[in-house]
Amino acid sequence: MSQPVTLCVPESWDGASLDLSLSDEGAVHSSFQQLLQEQSTEELELQELTPGGRENPAAGRTEDWEEPEPRGEHPDFSSATLRIVASMPSRTIGRSRGAVISQCYNRTAKLRRRSSRPPLHQISRSARPSLRQYDLELDTGHVEQEDTQSLLVKELQTLSSSQRSHMLQAMPVSLAEKLSLRQELGGHRSTLRKPDRSRRPLSCCGQLKHDVLIGFRSLWDGFLSLLHSLQPWHHSLKQIGGRFGSSVLSYFLFLKTLLAFNVFLFLTLLIFVVATQAAYPPAAENSRLFTGLELLTGAGYFTQTLMYYGYYSNFTLNDPCTPGDRSCQPGKGHLPYNMPLAYVFTIGVSFFIMCILLVYSMSRSFGESYRVGSSSGDFAIKVFCAWDYKVIQRRSVRLQNENIRTQLKELLGEWQSKSRPMSLCRRLGRMVVLGLAWALSLGTVLGCVVAVYYFAEHMLKVHQESQARGSSEARQEAFLLVLPMVVSLMNLVMPYLYNLLAAWEKQESPVLEVYMAICRNLILKMVVLGLLCYHWLSRKMGCSEEDKCWETSVGQELYRFVVMDFVFTLLDTVLGELLWRLILEKKLMRKQRPEFDIARNVLELIYGQTLTWLGVLFCPLLPAVQILKLVLLFYIKKTSLMQNCQSPSKPWRASHMSTVFITLLCFPSFLGAAIFLSYTIWAVRPSRTCGPFQTQETIYESGKTWVQELEKSSPNITWFTWIHQHLVENTFFLFFVSGVLL
Amino acid sequence: MGNKQTIFTDEQLDAYQDCTFFTRKEILRLHGRYHEMAPNIVPMDYTKDPDVKLPIQLIINMPELKENPFKERIVEAFSEDGDGNLSFNDFVDMFSVLSEMAPRELKAIYAFKIYDFNTDNFICKSDLEKTLNKLTREELTAEEITLVCEKVIEEADMDGDGKLAFADFENMISKAPDFLSTFHIRI
C-alpha cells in the first residue's frame, strides 16, 4: 500500500486565500519542477516559514497547532526529496482513507476560518503556488486516521447544516463512510448541545419545538418532492438523451427553460391583470359571434375579450369614491384597484425580474463553459470527454463509436497537415469565396427586408380598400393573415438556402460553420422583426381615425404571427424531416436519415419567444398561447425525432452551445423586446378610445401621475418621488444597473 | 406522500439525502431498481441495513449500462471490494456521482478511476490503448492508436514521466467544459 501523504495547513495562515482543493495538489505537483531549479532561494523561504506549527508523527501526538517544532526530520527539501515526493503514487487519488479524510478536514477547517480577510502581505501573489504555505508530512500511523476522523467530525459540526451537506456530498469517499460520518455527527451534536437531554424528559415547550421542527422538515421534503415530480418530461428527456445524446437534448432543455419563463410571465399577468379585470367586466357586451377563424386571426370574437389591450378599463376598479363627488364611502370589502397602474407596473416588474433571471442563468452557464487556456489538448479531451454516457441505445452507441473514430482520424489528419501550410493562392481563393458568400447572404437579407416592407404597405392598402368597399369582416381579417404567412415562409425557406451556401463554402471547422449559420439566420430574423416593429408603431395599423384601437390591432397582428410561426414550424417538421426521410429511403435508397438541425430549431424557438415578449403589452394572454405552443411543439418534435432522424455525426460542444443560445435569448431577443416596450411606454401616444391609458399622453404618465398624487397626499414620502424622478427616469442609471448585473 | 413506506426509516432517508445528490423519492426509486435486478436476494426491508451485494454480471445488464463500453470499469470503480460487487450504498453512490448535480472535482476523481484499467493510480500507455479500443470498437489501426496515445500523453502529461497522474488528468478535464454534460447518466 502506498504511503499516504497528509497536507496540513498551519493555523498561523488562517484565512489564507488559496483555496485548498484536491486540484491544488496538481498545482503543487507541477511546481516541483520549478522548485528543482530554484532550489536555493526556496530553501531559505521554507526555513523561515516553518515555525508555524508542525506535527511530529514519530511522537504519535495528535495535531497540536500551536507548538513549533525544530525542523529535524527534513532539514532541507533537496531536489532528491522533492523528486521522491513528486513520484509518490499517493500524490494521486490512490491514497488511503486517512489522507482523504485529512484533506477533507483541512478543507472544512479552511471553510470555518474564512470569516476574516487575510492581511495583504500573507496572500501569495505569485502565479505559481509554491510549497511555502504547505508542510509536507509523511503520515505513517494508522492511529492518525482515527484522530483525523474525529477532528473532521468536530469541524463538520461547526459548519451550518447546508454547508455540512455540501461537504458530505462532495467528499470522494464511499457512501457507507459518509453515512457513518453523518451518524457520528448526529451523535456528537446531541451530546454537545444538550448534555443532559438524555436524562431529563423533554419539557412541553421543547417537545412542541421538536414537533414543529419535524413538521417543517417533512413539509420541506414534501415541497422538494413536489418540485421534482413537477419536472415534466423526465422520462421523455431520458429517452431522447439515450438515443441522440447531449447535443439534441440541449434543444429540448432549452425549450423547457423557455416554458418556465412563459409560465412565470403568464402567472404574474393572470393574477394582477387578467383575473382582476375578469371580475369586473365592462358594461359593453361582445357584439361578435364566435366563428372558427378567430383561432387563426385573433380578431372577430376575440377583439373585445380579455385577450387584448382594448378590453382593460382605464379607471380604478371597485372604487369607493365616485368621480366628481368629493365624498368617499368606503364600504365593507371594497378594495380599490387602479387598473392602469396595475397594468403598466405588472408588465414592467415582470420584465425586470425576467431580465435578472436571464442574466443570472447566462452568467452561470458562461462560468461553466468558458475555459481560459490554450487550445491544445484536443486529443486528450476527445479521448476522455467525448464519450457521452447518456447514450444507451445500441444503435446510437455504435454510431457514437463511429463518430469518435472519425473525429480522431480527422484530428490526426489535421495535425499531420498542419506541417504543410496553405499556399497564398489557396488562401486568397478561400477569402474570396467567404466574402462572396457573406455578400450574398447579406444581400438576401436586404432583399427580404425590402420585400416585407413593400408587402406590408400593400396589404395595408388592400385592407383599407376592402374596408371602404364594405366587404365582410371575415374576408377583411383573412387578408390580414397573408403578411404573417409570407414572413413565416421566408423564415422557413431562407435557412435552407443558407445551408446550401455553407455547403458551397466548405468551411474546415464544423464549429465555425455552425456559428456562421446561426449568425446569418439571426440577422435575417432580427432585421425583419425590427422592420415590422417600426411599421406597426409608425403606421399604427392604419388607424388614423380616432375611433379605432391601434393597440388591439397590433396585439392581433402579433397573435397571428405567433400562430403562423407554429403552423410553419409544423410544416417544416413534416417536410424537412418526415418527407425527406421518405425520399431518402424510398427514392434514393440511402440508409441515411436526416439529421436534426439543432441550431436552426433553437433559433426558431428564440424567434417565437421574441414575438411573445414584443406582444405582451398589447395582448396579455399571449404567454398562454406561447405555453400551449411550446408544449405541443415538444411532443411533435420528439415524435418526429424518434421516427425520422438519426444521431448527429458532427461534434457538438453541448455546454458551449447552450451558453451561446441563452446569450442569444438575452441579447438580441430580450433586449430588443425590452427596448420596443420601453419606447412604447415612454414615447408613444396611446389611442383615445380604448384601453387603460386612454386619457394620458403616454403610458408612462399614469405612473407619473400616481407618484404626484402620492406626493400630494403624504408629503413625508418625497424621498420616494425623488428616487423615482432621478433614478428611474434617468436612463443612464438603468444602463449602469444592467452593466453591474452583467 | 400519503402512504408510509417501510423500506427505510426516516432517519435513513434523511441521511441519504444529506450524503448524496438524490431526494427521498429518488432513493426509493433507486431501491426499486436495485430490488428488481434480483428480487430473491435484495430484501424489501432495509431498516436494519442488510449486508447484500449484487454481483457485477447483474449490474452491467441494467439498460443504463448495458451498451456502455466502460460498464465493467464503472462498476468496479464504485465497488468497495474492487471486484464489482455493489451493495445498495455503492449502487446509490455510483448514480449519485454520475448525476447532473455532482461537482466537477468529484466526477473527475471517479472518471480517473474508471480509465485507470490496471488500478495503479496512473493512466499509462496501456490504459490509454484499452480506452481507445473501447471507444472506437478496435477500428483504429495500430499506428493510429500509437499516434493518438503519444499525442494524449504529450498534451496532458506535465511532469514528464510518460503517464498521467490524477493532477494531470484533472488539469486536462478543467479545460473541457463538456465533461460535466457527457459524464452523466440519467436514472
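The name given to chain B in an unreviewed UniProt entry is Calcium and integrin-binding family member 2, with the source organism recorded as Terrapene triunguis.

Looking at an unreviewed UniProt entry, one finds chain A named Transmembrane channel-like protein, with Chelydra serpentina as its source organism. What UniProt states about chain A under its Sequence similarities (unreviewed entry) heading is, verbatim, "Belongs to the TMC family." Annotation of chain A in UniProt includes, under Subcellular location (unreviewed entry), the sentence "Membrane".

**Q** Any chance you could break down the overall build of chain A for me, citing the residues and the numbers?
**A** Within chain A one finds 25 helices and 4 strands. A total of 742 residues make up chain A; the buried ones form 46% of that total. In chain A, of all internal contacts separated by at least 6 residues, the share reaching a separation of at least 24 is 78%.

**Q** Can you tell me about helix α16 (residues 473-480) of chain A, naming the residues and giving the values?
**A** It helps to recall that an α-helix has 3.6 residues per turn; residues three or four apart then point in one direction. Residues and elements named next belong to chain A. Of all the positions in α16, only Gln476, Glu477 and Leu480 are classed as buried. On an axial view of α16, the arc spanned by its buried residues comes to 90 degrees, and they lie on one face. Its buried side turned inward, α16 meets α11 (294-297), α15 (424-469), α17 (482-505) and α19 (550-587).

**Q** Explain the nonpolar core to me, using residue names and the numbers behind them.
**A** Taken as a class, soluble globular proteins show a tendency for nonpolar side chains to be buried jointly. Within the largest apolar cluster, 107 residues are counted, with the highest numbers of intra-cluster contacts made by Tyr251(A) and Trp613(A). It is helix α10 (residues 246-279) of chain A that provides the largest number of residues to this core, a total of 14 residues. Those residues in contact with Tyr251(A), other than ones at most four positions away along the chain, are Phe596(A), Ile598(A), Asn601(A), Val602(A), Leu605(A), Leu633(A) and Lys637(A). Membership of the second largest hydrophobic core comes to 92 residues, among which are Leu159(A), Ile404(A), Leu54(B) and Ala102(B).

**Q** I'd like to hear about the UniProt feature "domain: TMC" (unreviewed entry) in chain A, residue by residue, with values.
**A** Those places that UniProt annotates as "domain: TMC" (unreviewed entry) correspond, in this numbering, to residues 549-655 of chain A. Regarding residues 549-655 of chain A, the helix share stands at 76% and the strand share at 0%, and the terminal C-alpha atoms are separated by 46 Å.

**Q** Could you give an account of unusual backbone geometry, naming the residues involved and the relevant values?
**A** Residues and elements named next belong to chain B. Its identity as a non-glycine residue notwithstanding, aspartate 49 has a phi of 55 degrees, on the positive side. The backbone phi angle of threonine 119 is positive, close to 45 degrees, even though this residue is not glycine. When its relative accessible area of 57% is taken as the criterion, threonine 119 is described as exposed.

**Q** Account for the state of the cysteines, with residues named and values stated.
**A** Residues and elements named next belong to chain A. Using the criterion set out here, one finds 1 disulfide over all chains in the structure. Between cysteine 549 and cysteine 690 runs a disulfide, and the two sulfur atoms are separated by 1.6 Å. The disulfide joining cysteine 549 to cysteine 690 has a torsion of about 85 degrees about its S-S bond and is therefore right-handed. Placement of cysteine 549 in the loop between α18 (510-539) and α19 and of cysteine 690 in the loop between α22 (654-683) and α23 (700-713) is noted, with a sequence separation of 141 residues between them. In terms of burial, cysteine 549 and cysteine 690 fall into one category: buried. No disulfide involves cysteine 355; its nearest neighbouring cysteine sulfur is the one of cysteine 666, lying 6.1 Å away.

**Q** Outline the UniProt feature "transmembrane region" (unreviewed entry) in chain A, listing residues and values.
**A** Residues and elements named next belong to chain A. Mapped onto the present numbering, the UniProt feature "transmembrane region" (unreviewed entry) falls on residues 253-280, 341-361, 428-456, 478-501, 522-538, 558-584, 605-636 and 656-679. The straight-line gap between the two end C-alpha atoms of residues 341-361 is 30 Å; of that span, 100% is helix and 0% is strand. In residues 478-501, helix accounts for 96% and strand for 0%; the two terminal C-alpha atoms are 35 Å from one another.

**Q** Provide a residue-level description of a nonpolar patch on the surface, including the pertinent values.
**A** Side chains of Leu571(A), Val574(A), Leu575(A), Leu578(A), Leu579(A), Trp580(A), Leu582(A), Ile583(A) and Leu588(A) sit close together on the surface and give an oily, nonpolar patch of about 730 Å² of accessible area. The residue Leu579(A) is located in helix α19 in this model.

**Q** Account for the UniProt feature "domain: EF-hand" (unreviewed entry) in chain B, naming residues and giving values.
**A** Residue and element names in this part refer to chain B. Per the UniProt record, "domain: EF-hand" (unreviewed entry) is found at residues 66-101, 103-138 and 144-179. Between the first and last C-alpha atoms of residues 103-138 the distance is 32 Å; the span itself is 67% helix and 0% strand. The span residues 144-179 is 61% helical and 0% strand by assignment, and the distance between its end C-alpha atoms comes to 24 Å.

**Q** With reference to specific residues and values, describe the domain arrangement of chain B.
**A** All names here are of chain B. If you check the domain split of chain B, you get domain 1 (10-98) and domain 2 (104-182). Computed from C-alpha atoms alone, the centre-to-centre distance between domain 1 and domain 2 is 27 Å. Contacts between the two partners involve 11 residues from domain 1 and, on the opposite side, 12 residues from domain 2. Summed over both sides, the interface between domain 1 and domain 2 buries roughly 1000 Å², with carbon and sulfur atoms accounting for 73% of that surface. Our enumeration of links across domain 1 and domain 2 arrives at 0 salt bridges. Taken together, the connections running from domain 1 to domain 2 amount to 3 residue pairs in polar contact (both at pLDDT 80 or more). Going through the elements one at a time, α4 (71-78) and α5 (88-97) are the ones with two or more residues in the side of domain 1 that touches domain 2. With 5 residues, the single largest contributor to the side of domain 1 that touches domain 2 is α4. When the residues that make up the side of domain 1 that touches domain 2 are grouped by side-chain class, the tally is 8 nonpolar, no polar and 3 charged.

**Q** Which residues make up the interface of chain A and chain B, and what values go with them?
**A** Every contact between the two is made by 69 residues of chain A and, on the other side, 79 residues of chain B. Surface buried jointly by chain A and chain B totals about 6900 Å² across both partners, of which 63% is contributed by carbon and sulfur atoms. One can count 5 salt bridges joining chain A with chain B. A salt bridge links Glu144(B) to Lys409(A); its shortest N-O distance comes to 3.9 Å. When residues in the side of chain A that touches chain B are grouped by element, the largest group, 11 residues, is from helix α14 (residues 394-417) of chain A. Broken down by class, the residue content of the side of chain A that touches chain B amounts to 30 nonpolar, 24 polar and 15 charged.

**Q** Give me the lowdown on the pattern of salt bridges, citing residues and values where you can.
**A** Scanning all chains against the criterion turns up 21 salt bridges over all chains. Between Arg394(A) and Glu67(B) there is a salt bridge; the shortest N-O distance is 3.3 Å. Separated into two different chains, Arg394(A) in helix α14 and Glu67(B) in the loop between α3 (56-59) and α4 make up a pair that spans both. Judged by its relative accessible area of 49%, Arg394(A) falls in the partly exposed class. Judged by its relative accessible area of 14%, Glu67(B) is buried. Where Lys629(A) meets Asp565(A), a salt bridge forms, and the shortest distance between an N and an O atom there is 2.8 Å. Of this pair, Lys629(A) sits in helix α21 (residues 622-644) while Asp565(A) sits in helix α19, placing them 64 residues apart in sequence. Judged by its relative accessible area of 8%, Lys629(A) is buried. Given the relative accessible area of 7%, Asp565(A) is considered buried. Residues joined by salt bridges that share partners form a network here, namely Lys238(A), Arg33(B), Glu36(B) and Glu64(B).

**Q** Please set out the environment of Leu446(A) residue by residue, giving values where relevant.
**A** Residue and element names in this part refer to chain A. With respect to the element layout, leucine 446 can be found in helix α15. Residue leucine 446 is classed as exposed on the basis of its relative accessible area, which comes to 59%. A sequence separation of 93 residues divides leucine 446 from isoleucine 353, and the C-alpha atoms of the two residues are 35 Å apart.

**Q** An account of the confidence of the model for chain B is requested, with residue identities and associated values reported.
**A** Per-residue confidence for chain B averages 90 on the pLDDT scale, and 98% of its residues sit at or above 70. At the low end of the mean pLDDT range in chain B sits helix α10 (residues 179-182) of chain B, at 88; at the high end sits α5(B), at 94.

Rules used throughout
- Residues numbered from 1 in each chain as written.
- Chains lettered and ligands numbered in written order.
- Predicted model: local features only at pLDDT ≥ 70, side-chain atom pairs only at ≥ 80, totals over all residues.
- Heavy atoms only, no water.
- UniProt positions renumbered as here; feature names shortened; annotations may be inferred.
- Helix = DSSP H or I, 4+ residues; strand = E, 2+ residues; numbered from the N terminus.
- Buried < 20%, exposed > 50% of the residue type's maximum accessible area, 1.4 Å probe, protein only.
- Contact = heavy atoms within 4.5 Å.
- Arc of directions from axis to C-beta.
- Core = buried A, V, L, I, M, F, W, Y, C linked by side-chain atoms within 4.5 Å.
- Disulfide = S-S within 2.5 Å.
- Patch = residues over 30% accessible without salt bridge, like charges linked within 9 Å, V, L, I, M, F, W, Y side chains within 5 Å.
- Areas by Shrake-Rupley, 256 points an atom, 1.4 Å probe, with all protein chains shown as cover.
- Salt bridge = Lys/Arg side-chain N within 4 Å of Asp/Glu carboxyl O.
- Domains from an automatic or database assignment.
- Buried area = accessible area lost by both parts, 1.4 Å probe.
- Polar contact = N/O pair within 3.5 Å; in protein donor to acceptor, adjacent residues only side chain to side chain.
- Nonpolar A, V, L, I, M, F, W, Y, C, P; charged D, E, K, R; others polar.
- pLDDT = per-residue confidence, 0-100.

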